[in-house]
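A structural walkthrough
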Amino acid sequence: MINLLMFEKTDLYQFLSHLLPPFPAVLAMQSRESKLGLLLEDAQTALEQGVKSGAVRMDMQLEIRTLSFWRALTAECISTFLYVLLVCCMHQTVSSTPDLHPSSGQAYCGMVAGLAIISLTTIFLPVSGAHTNPAISIATALIHRISPLRAAAHVVAQCGGAIAGASVVLGL
């Protein structure tokens, strides 16, 4: 009786495979592609976690190809742009107000700078470490928290963001 059931299942499978021949092939291809994509994502995530923990050392050619590297550069450029923009706009506003006492202007500028750096650090810390300053990027490279390539790229991105922020303020 068991052989009879197996024979019926085999016949049913053959019958269905003749009715729908392309469907199993497409289904198998999609599952292989999705498994490959998941495997590649898992490999990149594992590599980045290994690098962050210090267990794996990444070479420069491999580091440039990661998405987290380019996200960090973009985040550093944007955060430095916003910081320079906010602080310079505040200084320009304070210096153009003749009625304001100089010590009050310094207090306002200090408050804006402090609140700006707190906000930007909170926003960009998970993405890039929120260095926002080339001196901090160089210091983290010296204590081996980031690679020298990443530090140099951060410095270039931060200088570019600062120049862009100052240009916007000059244009206003």
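The subject of this paragraph is the overall build of the protein. For the protein, the helix and strand inventory stands at 7 helices and 0 strands. Taken from N to C terminus, the helices and strands of the protein fall in the order α-α-α-α-α-α-α. When burial is assessed residue by residue, the protein has 22% of its 172 residues classed as buried. A fraction of 64% describes how many contacts in the protein between residues 6 or more apart in sequence connect residues 24 or more apart.

Confidence in the prediction for the protein averages 79 pLDDT; 66% of positions are at 70 or higher. Here residues 1–7 scores under 50 on pLDDT; set against residues more than four positions off or in separate chains, the count is 0 contacts. Predicted confidence for residues 23–29 stays below pLDDT 50, and this span has 0 contacts to residues more than four positions away or in other chains.

Let us now look at the packing of aromatic side chains. For the structure shown, the criterion picks out 1 aromatic pair. For the ring pair phenylalanine 69 and tryptophan 70, a centre distance of 5.1 Å and an interplane angle of 90° mean the geometry is edge-to-face. Overall, the relative accessible area of 3% leaves phenylalanine 69 in the buried class.

This next bit is on the side chain of histidine 154. Tracing the sequence through the fold places histidine 154 in helix 7 (residues 148–171). Judged by relative accessible area, histidine 154 falls into the buried class, the value being 0%.

For the rest of this paragraph, the subject is helix 6 (residues 134–142). Within helix 6, burial applies to Ser137, Thr140 and Ala141. Along the axis of helix 6, the buried residues cluster in a sector spanning 100°; they form a single face. Where helix 6 is buried, its residues contact helix 7. The residue sitting at the N-terminus of helix 6 and contributing the capping side-chain oxygen is asparagine 133; that oxygen lies 3.1 Å from the backbone nitrogen of alanine 135. In the stretch just after helix 6, histidine 144 is the one whose phi turns positive, near 65°.

This brings us to the environment of alanine 166. Relative to the elements of secondary structure, alanine 166 occurs in helix 7. According to the relative accessible area criterion, alanine 166 is partly exposed, its value standing at 35%. For the pair alanine 166 and leucine 82, spaced 84 residues apart in sequence, the C-alpha to C-alpha distance is 9.8 Å.

We now examine the packing of helix 4 (residues 67–95) against helix 5 (residues 102–128). Axis separation between helix 4 and helix 5 bottoms out at 10 Å; the angle between their running directions is 170°. Considering the angle they form, helix 4 stands roughly antiparallel to helix 5. Here the contact of helix 4 with helix 5 is composed, by residue class, of 18 nonpolar, 4 polar and 2 charged.

Right, let's talk about helix 5 for a bit. For helix 5, which comprises 27 residues, the first-to-last C-alpha distance of 36 Å matches the rise-based estimate of 39 Å (1.5 Å per residue) to within 8%. At threonine 122, helix 5 shows its strongest bend, of approximately 35°, with the proline proline 126 following within four residues. For helix 5, the complete set of buried residues consists of Gly105, Ala113, Ala116, Leu120, Phe124 and Ser128. Remark: glycine 129 follows helix 5 within two positions and exhibits a positive phi of approximately 95°.

With that settled, consider the side chain of histidine 131. In this structure, histidine 131 sits in the loop between helix 5 and helix 6. You can call histidine 131 buried: its relative accessible area is 9%. Engagement of the side chain of histidine 131 in a polar contact is seen with the side chain of serine 137, the distance being 3.2 Å. The residues contacting histidine 131, other than those within four sequence positions of it, are Glu76, Ile136, Ser137, Thr140, Ile146, His154 and Gln158.

Conventions we followed
Residues numbered from 1 in each chain as written. Predicted model: local features only at pLDDT ≥ 70, side-chain atom pairs only at ≥ 80, totals over all residues. Heavy atoms only, no water. Helix = DSSP H or I, 4+ residues; strand = E, 2+ residues; numbered from the N terminus. Buried < 20%, exposed > 50% of the residue type's maximum accessible area, 1.4 Å probe, protein only. Contact = heavy atoms within 4.5 Å. pLDDT = per-residue confidence, 0-100. Phe/Tyr/Trp six-rings, centres within 6.5 Å; stacked < 30°, edge-to-face > 60°. Arc of directions from axis to C-beta. Polar contact = N/O pair within 3.5 Å; in protein donor to acceptor, adjacent residues only side chain to side chain. Axes fitted to C-alpha atoms, helices over the stretch in contact; angles between N-to-C directions. Parallel < 35°, antiparallel > 145°, perpendicular 65-115°, else oblique. Nonpolar A, V, L, I, M, F, W, Y, C, P; charged D, E, K, R; others polar. Expected span 1.5 Å × (residues − 1). Bend = angle between axes of the 7 residues up to and from the residue.

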